[in-house]
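Descriptive structure summary
Chain by chain, the residues run as shown.
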Amino acid sequence: MAFISSGYNPDKPMEDRITDIGPRNYEEFYPPVVKANKGKWLYHEILEPGVLVHVAESGDECYTVRAGGARLMSVTHIREICEIADKHCGGYLRFTTRNNIEFMVDDKSKLEPLKKDLESRKFDGGSLKFPVGGTGAGVTNIVHTQGWIHCHTPATDASGPVKATMDVLFDDFQNMRLPAHLRVSLACCLNMCGAVHCSDIAILGYHRKPPMLDHEYLDKMCEIPLAVAACPTAAIRPTKVELPDGKKVNSVAVKNERCMFCGNCYTMCPAMPLADKEGDGIVLMVGGKVSNRISAPKFSKVVVAFIPNEPPRWPTTTDTIQKIVEAYSKGANKYERLGEWAERISWERFFEVCDLEFTHHLIDDFRDPAYYTWRQTSQFKF
Amino acid sequence: MKHETPMLDQLETGPWPSFVSDIKQEAANRAKNEKNVDYQIPVDVCDDLLGVLELSFKHGRTHWKHGGIVGVFGYGGGVIGRYCDQPEEFSGVAHFHTMRVAQPAGKFYSTDYLKKICDLWDFRGSGITNMHGSTGDIIFLGTTTKQLEEIFYELTHNLNQDLGGSGSNLRTPADCIGKARCEYACFDTQHMCHTLTHEYQDELHRPAFPYKFKFKFDGCPNCCVASIARADMSFIGTWKDDIRIDQEAVQAYVGGELKPNGNAHAGRDWGAFDINKEVIDLCPTKCMWMDGKELKIDNKECTRCMHCINVMPRALRIGKETGCSILVGAKAPILDGAQMGTMLVPFIKAEEPYDEIKEVIESIWDYWMEEGKNRERLGELMKRQGFQKLLEMTGLKPDPRMVQEPRHNPYIFWKEEEVEGGFERDINEFRKYHQR
Amino acid sequence: MEYEEAKQKVIDELTKKQKSKSKFYFNDLSKILEMKPREAKKIVNKLVTDGVLEYWSSGSTSMYGLKGTGKQAGAEHEG
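So, a few notes on the structure that sits alongside this text. By convention here, each chain's residues receive numbers from 1 onward along its written sequence. Chains and ligands are labelled sequentially in the order written, the chains with letters from A and the ligands with numbers from 1. Local features are withheld for residues below a pLDDT of 70 in this predicted model, meaning they are given only at 70 or higher, and side-chain atom pairs are given and counted only at 80 or more; totals for whole chains, interfaces and linings count all residues. For side-chain calculations, the full set of non-hydrogen atoms in the structure is used, while hydrogens and water are omitted.

Some details on the interface of chain B and chain A
Selection rule: Note on contacts: a residue pair qualifies if any of its non-hydrogen atoms lie within 4.5 Å across the two residues. By buried area we mean how much accessible surface two parts lose on assembly, using a 1.4 Å probe and totalling the loss over both. What counts as a salt bridge is simple: a side-chain nitrogen of Lys or Arg found within 4 Å of a carboxyl oxygen of Asp or Glu. N or O atoms closer than or at 3.5 Å make up a polar contact, with two conditions inside protein: a donor-capable atom paired with an acceptor-capable one, and, for residues adjacent in sequence, both atoms drawn from side chains. A run of DSSP states H or I qualifies as a helix once it reaches four residues; a run of E qualifies as a strand once it reaches two. Both are numbered from the N-terminal end. Here the term charged refers only to Asp, Glu, Lys and Arg, the term nonpolar to Ala, Val, Leu, Ile, Met, Phe, Trp, Tyr, Cys and Pro, and the term polar to all other amino acids, Gly among them. Two strands qualify as a pair provided that DSSP identifies no fewer than 2 bridges between them.
Counting residues at the interface gives 143 residues for chain B and 138 residues for chain A. Regarding the contact of chain B and chain A, the summed buried area is about 12,500 Å², with carbon and sulfur atoms giving 59% of it. Between the two partners, chain B and chain A, sit 10 salt bridges. For the salt bridge of Glu102(A) with Arg181(B), the shortest nitrogen-to-oxygen distance reads 2.8 Å. Connecting chain B to chain A are 74 residue pairs in polar contact (both at pLDDT 80 or more). No other element matches the 10 residues that helix H4 (residues 111–124) of chain B contributes to the side of chain B that touches chain A. Of the residues that constitute the side of chain B that touches chain A, the class distribution is 62 nonpolar, 47 polar and 34 charged. Looking at chain direction, strand E5 (residues 92–95) of chain A and strand E4 (residues 108–110) of chain B are connected through three bridges and run antiparallel. Along E4(B), the bridge assignment pairs Arg94(A) with Phe108(B).

A closer look at the sheet that holds strand E12 (residues 301–308) of chain A
All names here are of chain A. What counts, and what does not: Between N-to-C directions, angles cover 0 to 180 degrees, with each direction set by a line fitted to C-alpha atoms, over the stretch in contact for helices.
Spatial strand order, E7-E8-E11-E12: four strands in an open sheet with mixed pairing. Single-partner strands in this sheet number two, and they are strand E7 (184–187) and E12. Here the average twist between neighbouring strands, direction ignored, is 20°.

Some points on the interface of chain B and chain C
Each side of the interface is counted separately: chain B has 35 residues, and chain C has 23 residues. Both sides together, the interface formed by chain B and chain C hides about 2,400 Å², and carbon and sulfur atoms give 49% of it. Linking chain B with chain C are four salt bridges, by the criterion used here. With a shortest N-O distance of 2.6 Å, Asp366(B) and Arg38(C) are connected by a salt bridge. Mapped onto the side of chain B that touches chain C, the elements with two or more residues apiece are strand E1 (64–67), strand E2 (79–84), helix H7 (201–205) and helix H12 (355–371) of chain B. In terms of residue count, the dominant contributor to the side of chain B that touches chain C is H12(B) (five residues). Residue classes in the side of chain B that touches chain C are distributed as 12 nonpolar, 13 polar and 10 charged.

Some remarks on the packing of H4(B) against helix H5 (residues 145–158) of chain B
When two helices pack together, their arrangement is captured by the angle between the axes and the distance separating the axes. All names here are of chain B. Convention followed: Angle categories: roughly parallel below 35 degrees, roughly antiparallel above 145, roughly perpendicular from 65 to 115, and oblique for all the rest. Should the near helix be turned anticlockwise from the far one by less than a right angle, the crossing is termed left-handed; should it be turned clockwise, right-handed.
Viewed as axis vectors pointing N to C, H4 and H5 meet at an angle of 160°, and their least axial separation amounts to 11 Å. Comparing their axes, H5 and H4 come out roughly antiparallel. H4 and H5 meet at a crossing whose hand is right-handed. Two secondary-structure elements touch here, H4 through Ile117, Leu120, Trp121, Phe123 and Arg124 and H5 through Gln147, Glu150, Ile151, Glu154 and Leu155. Across the contact of H4 with H5, the residue classes break down as six nonpolar, one polar and three charged.

What about the sheet that holds E4(B)?
Pairing is antiparallel in the open sheet, where six strands are placed in the order E1(A)-E2(A)-E3(A)-E6(A)-E5(A)-E4(B). Two strands close off the open sheet at either side, each with one partner strand: strand E1 (41–48) of chain A together with E4 of chain B. Neighbour to neighbour, the strand axes of the sheet diverge by 30° on average, direction disregarded. Where strand E3 (residues 61–67) of chain A lies against strand E6 (residues 101–105) of chain A, five bridges are found, and the strand directions are antiparallel. From the neighbouring strand, Arg66(A) faces E6(A), where its bridge partner is Glu102(A). The strands that helix H2 (residues 75–88) of chain A touches are E5 and E6 of chain A; relative to E6(A), the one it contacts most, it runs at about 15°.

These figures capture arrangement, not role.
Next up, the structure:
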C-alpha cells in the first residue's frame, strides 16, 4: 500500500486549490425525457406497485420503476445500479428522499425487461437487491440515521432494525392496501439527525442511564468547561474528586435527575460514556405527518416508552409495529393517515385497538407544552 | 471472512436488501482486487467494519468515538471525525472519518459520474457509502485523515465536485423532484436549490452561525422533502389563482374510467369511487360542490391542501400564478420540543434571480447571527424573542396568514412611541385633579 | 481594525483563556473583535487560512481554537 498523491501539496495547501464550487449542476444529470418535458407534465399514474408513468403535454411518457435499497451501500452495489441504468435507462437514474432508487425509461416496451432484470438480482445471502415497490398507499423505504455502524452516541443500531422492520413490512412495500401511505423513520438517538418527529411511525433509540464518569482520566482527556457547557439541561457542574488512591483530581458531577440522556457531553468529553446494554433501547412514536393534505402537519406521539434492544432482529419492536399497522389498516378510512385515524377514534381507543399498554411514561411532563397535551374537556370515550 | 459474524449473518435472510450481504460482497471484492486498485486505506476495512458492528450487536453498545476533525484546510464542515474504540482488533477501521459530498439537486445522476465517484471512493476510502444521508448529501463512510485532502483535491480537480456542510454552517440544501417529473410543482425546486446553494457557498463551508441552518425546497404542499418539519427555512410551492378543472376528466373519475389518486389505492377493493365521500366531504374548507355534472370550486376559500388534486390529478391542476410560501423555524425536538415551520411569507415569486427571497434570507441571518445564543436554532430564537421581533428584523408586515389565531392574552408590551403622548407625564399636573 | 491588530487581539484573548478551555464559539470571537458577525467573519476566515485558528466540530456545532491546542489535539492530529 504505497501512498499515491492526488497532486495535493501538504506544505502549500492553498496552491492550486479549488474551493466553493458546490454540487454539480443537476441539468447534466437529467434523462432526455425529463429534460425535454420539465415543467410540462400533465399527470401521473401508478401502473402497479413500484411502477409509475408520468405523461407530458407533448405526449411523451416517462416510466419509472422504483426499487428499495439499504441507504448503506457499497461501491460494488452502486456500480451494479449503474450497470442496470446503462443497460435499460440510457445511463441515468435518481435517488428519492427516502433512499429508493428510480430507474426511468421513455417507452413502455422497455418496462418489462427492466423490471425482470431488477427482480432477478439477489445477494448471495438470499435477499433481493432491488425490490420493486414503495408507491401509493403502502409502506415505502425507511429513512434512518447511522446507528452502530458509524455514530458515537447511538442508543440503538439503525441498519439492523431497519432491515428487520422492512422484512416484516415487506408485503406492504409491494402492495397498496393501506388507507393512505405510511412513512416509517428511524433515528438512533434523541438528537434525531434523521428528524423522525413527523413520521406515521418513528423508531427512536433512547438511552436511559446518565453518563459514567471516568474521573481519573476526565481532566486529562477533556476540557471541563466545554463538557459543562455541552449539557442542554445544565445537569453538569465542575467538581473535585478524590480517587481511591487518595489523589485529588478535577472532574465533573452530574445531577442524574436532570439528565435527558442526549449524549452531548460525551461528544465534547469522551470520558463521559453513556451507552449501556440494559439502559439503551427503542421508543415508538406514531401519528406524525409532513403533508398539508386535508389536515395540518403533525408531530408523532410516544406510544411505547421503551423496548429493549434485541439484536439481530429486534422482534418486540417489529411485532409492535406490525400490530399498529394492522390495526390502522383495519380501522382507518380511505385517505386517512395514521395520526388522523388515531385522532378520529381517540387515543384511548387507539391503545385499545392496537393492544398497547398506556403507562405513566406516556404522559408528557417536559416543560410548558406538556400542559396542553393533557385532557381539558369532559369528552372522552369509555 | 476475517471475523465471525453470527448475529449479522441473521440479517442476510428475508426479502429486504441486506446491508450485511452488501458489505460482505465489498469485503470479498477488495480481497480479490480484480481491477488491481492500489488501495490507499487498509484492504480489510470492510471486514473490520463488519467485525466491529458484530461486536456492537453483542455488546448492545457502539464502538465509535467522536473526533473534532472537521474538514479539509479552510473548510469548517464536510468531514466528521470517527475513531474505533477497539483499534487493535479492528485496525482497518481505527480511523474511519465520514465525508459529506454535496448532492446534485433532485438527486438525478448519470452513471458516468457515479462510476467516477465509486472509483475515487474505492481507491481512497472504504468503498461504503450512504446514498444518501438524512440531510441529502452523498456520504463517504470511512477513510483515514491523510486521505481527506487527497479526496478533496480529486473531487474538486477531477470531478468538479465540492463537499457538503456540517457543524454551525448552512447545511447542504435539499429539494423534491419538482418540475423535473412532477405535475404538482409550483416552482422549479432544482433551480432554486442549486442557485442558492451556489450563492451561499461561504456560509456552507465556513461556520459563523450560532448553530446548523437548513434550507429545503418542496414544490407543493404535499411536502415530499419534509421541509416544514426540519428546515430552518422551508420553501413550499403554492399558487394564488384558480385550480384548473377539466370537467370531462371529473366525469371520467365519477364514471370509474379513471382510477382515483393515480391508482395509489389499487391494493384493496374500496368500492366504486364516490366523489362526494372521497373528495368533496373531505375538503377541509368545504369549498367544493357538484352543480349537476359540474364540479365547482370556490377558489377564494381554498387553502390549497392538495387533497382534491391528489385524488383526481387528471381532472384538477394547480393554478397558473405560482410561487412559494416561506416558513421558518422548524427543528427536531431537542431541546425544548419539536417545532413545525411558522408561516413568515405567505406568497413570494420564486423566479430568477430570487432577489426578494435572498433579501428575506439575509435579513434573517443578520438577526440570528447577532441575537442567537450559541447552539440556538432559529426557531428557538423566535420562541425566545417572539414572532413580532422577527417581523421587525425582516421588515415584513403582519398578516393574519402568519398565525393560527390571534393572541390569547391582552399583555401587549406597548412601546412608548406607539402610545399617544409617550410615557413621560407630569405628576403635578395629575395631582391637580387627583388627591394623594 | 487592521488585520494584524485583530489577529494579535484574538491570539492574546484566546491565550489568556487557554488555562480553562481551548475551543470557542464564533460569537466569542466576534465579541473579542468587537465587530458585527459578518465583519468578524472576514477576519476569522483569514485567521483560519493563515493557520492561526483551526476549526473543531461536534458534528452539529463548530468551534474555533488556536491551532494545535486542546487536550484532544494530540489524539486527533494522530501524531
